[in-house]
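Chain and residue survey
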Amino acid sequence: MSTACRRRLIRDFKHLSSDPPGGISGAPCADNIMLWNAVIFGPADTPFEDGTFKLLLTFDESYPNKPPQVKFLSRMFHPNVYATGELCLDILQNRWSPTYDVAAILTSIQSLLHDPNPNSPANAEAAQLYRENMKEYIRRVKQTVEESWLDPGEDQEDTASSTGDAN
Amino acid sequence: MDPHELADVTDPSDFPLEVLKKLDSTFRCTICKEFFEAPVLLTQCGHTFCSLCIRNQLPNKPECPLCKKATKETHLVRNVMFGEAIDTWCKAREDIESIPSTSKRKLDDVICIYNSTSEAEEDISSKPKKRKTKEEVSCPICFRHVLMSSINSHIDNGCKGYLAREDPKLGGSDKLKSKAAWNSIFKQDKRKIYNSPQDSEIPDHDSKLPKVSYGTLTLSGLKTLLSDFGLSTTGDKDALIARHERWIAIYNANLDRAHPKSLGELKTRLEEVEETVNRPAPKRISDEKDWTKKNQDQFKSLIEQAGNGAKRKRGDDESNNQNIPESSSERSERT
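Note that the structure is predicted; figures quoted are calculated from it, not measured. (Residues numbered from 1 in each chain as written. Chains lettered and ligands numbered in written order. Predicted model: local features only at pLDDT ≥ 70, side-chain atom pairs only at ≥ 80, totals over all residues. Heavy atoms only, no water.)

**Observations regarding the confidence of the model for chain A**
Predicted coordinates in areas of low pLDDT are best not read in detail. For chain A, per-residue confidence averages 87 on the pLDDT scale, and residues scoring 70 or more make up 89% of the total. Segment residues 157-167 of chain A: pLDDT under 50, and 11 contacts once partners within four positions in sequence are set aside and those in other chains are kept. (pLDDT = per-residue confidence, 0-100. Contact = heavy atoms within 4.5 Å.)

**Considerations on the pairing of strand S1 (residues 24-29) of chain A**
Residue and element names in this part refer to chain A. Among the 6 residues that make up S1, 6 are buried, leaving the element largely enclosed by the rest of the structure. Pairing geometry for S1 and strand S2 (residues 32-41), over 6 bridges, is antiparallel. In the strand pairing of S2, Ser25 is matched with Val39. Hairpin connection between S1 and S2: a loop of 2 residues separates the two successive antiparallel strands. (Buried < 20%, exposed > 50% of the residue type's maximum accessible area, 1.4 Å probe, protein only. Helix = DSSP H or I, 4+ residues; strand = E, 2+ residues; numbered from the N terminus. Pairing = 2+ DSSP bridges.)

**Thoughts on helix H10 (residues 263-277) of chain B**
An α-helix turns once per 3.6 residues; consequently, residues spaced three or four apart project the same way. Residues and elements named next belong to chain B. Counted at 1.5 Å a residue, the expected span for H10 with its 15 residues is 21 Å, and the 21 Å between its end C-alpha atoms agrees. Listed as buried for H10 are Leu263, Gly264, Leu266, Lys267, Leu270, Glu274 and Thr276. Summarising the contacts, the buried residues of H10 are in contact with helix H9 (237-254). (Expected span 1.5 Å × (residues − 1).)

**Section: the interface of chain B and chain A**
With 64 residues of chain B in contact, the opposing surface of chain A contributes 74 residues. Where chain B abuts chain A, roughly 6,100 Å² becomes buried across the two surfaces, and 55% of that area is made up of carbon and sulfur atoms. Put simply, chain B and chain A have 4 salt bridges between them. Across the salt bridge formed by Glu288 of chain B and Lys71 of chain A, the nearest N and O atoms sit 2.5 Å from each other. Our enumeration of links across chain B and chain A arrives at 20 residue pairs in polar contact (both at pLDDT 80 or more). By residue number, the principal contributor to the side of chain B that touches chain A is helix H12 (residues 296-315) of chain B, which donates 13 residues. Residue composition of the side of chain B that touches chain A, by class: 19 nonpolar, 22 polar and 23 charged. (Buried area = accessible area lost by both parts, 1.4 Å probe. Salt bridge = Lys/Arg side-chain N within 4 Å of Asp/Glu carboxyl O. Polar contact = N/O pair within 3.5 Å; in protein donor to acceptor, adjacent residues only side chain to side chain. Nonpolar A, V, L, I, M, F, W, Y, C, P; charged D, E, K, R; others polar.)

**A word on the UniProt feature "domain: UBC core" (unreviewed entry) in chain A**
Within this numbering scheme, the UniProt entry marks residues 4-150 of chain A as carrying the feature "domain: UBC core" (unreviewed entry). Along residues 4-150 of chain A the backbone is 36% helical and 18% strand, and the end-to-end C-alpha distance reaches 38 Å. (UniProt positions renumbered as here; feature names shortened; annotations may be inferred.)

Structure, rendered in structure tokens:
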């Protein structure tokens, strides 16, 4: 039986694929419509430019009354993204509205890359560099951009070198 | 995902024309994105949602999901005329949809095609043109005149009724009509008797159920509330409360329909909802590296798609100001 939540997700997929916002894509897994893989391109004219960042969205039956869990699978260096990849974004928490769909979620994550909010930092170091040392912030972000191009498995050595860098 | 499911879902993007896309989306609830079912107006702000969609949402947050204006269930009012407009659009849509969507057409062409296809439908066009379905044929069994559109029903019925013109032997058309009318009344009554009387009962428009303060209720009091409607009383107190809250939402939303459904149908709906809510949540992905690796192919095609979208968007500089949440300084205080 197709439940209200599943029907809505099918709709979201149809909307996202028929009228995709620029630099954004997403699709449910073949065997589980409650799990979605998504890709966001780093917005132009930001240090994230050209990055292809992978995300995982986990829905449950309370969608769209409750937001999905959204996580970056690619390593991120951003004031509002935790080390685990989870995001600190109001619309995924207390300002969620059931009128949002997957396209809206991904678009606002893309604009979060463009416009970080250093006042509610999830990554204190990134927030501090963003405020005080833009040059270093850009360098660190560019590292994650280059990592995002690598295939999984390939990035082992790079991550090792960059985490050494980070601490 | 089943491709049939995807094809089954209608969407504003089914139309090649921008105006029709817009028109189609105005008839859709912004929560479920389906055509409004029992639309209700939020009298504080004027936005409209499906009755059940907004009733399910208000306990989470007592505000309009679109403009965030504070609201509560007592502010919901049936949007009767809008409901009628939606019904009409849904009927019209089927006709418009048969237009091939390969090439962009001018609205005039679409309307022209729409007019010609809708003639088969009664009430819409009053043109005196002869319709195909109104053609008379002679029944191969009894040789009387029957409408082409009702020949199958006529034969299925043992060559009784469904005649295009009255046969003098059978008496005047008034007589037949009144016989048919009586038949339909008796048939309905028979159907009613076979159902259990309570389940077939259709609730009255003005009989909305009030909210219950569950804190003051005992377990047996809760059970009585549920069994009054013949609902299941299994489960602990929390389960019973959840069931009763869901029932109130389904019951009250039903009263906002133009033609409310019977109690039996509502019960089936409640059971379906409970079944999905009690489904185990999907397991969380623990090994993300492994997941990314396993889904490498999908990610590759997603990157390609996102790239194509980006190029296209740069080409036509069309701003997309749909329902995209504004990223503001109000971003969560949580750290």
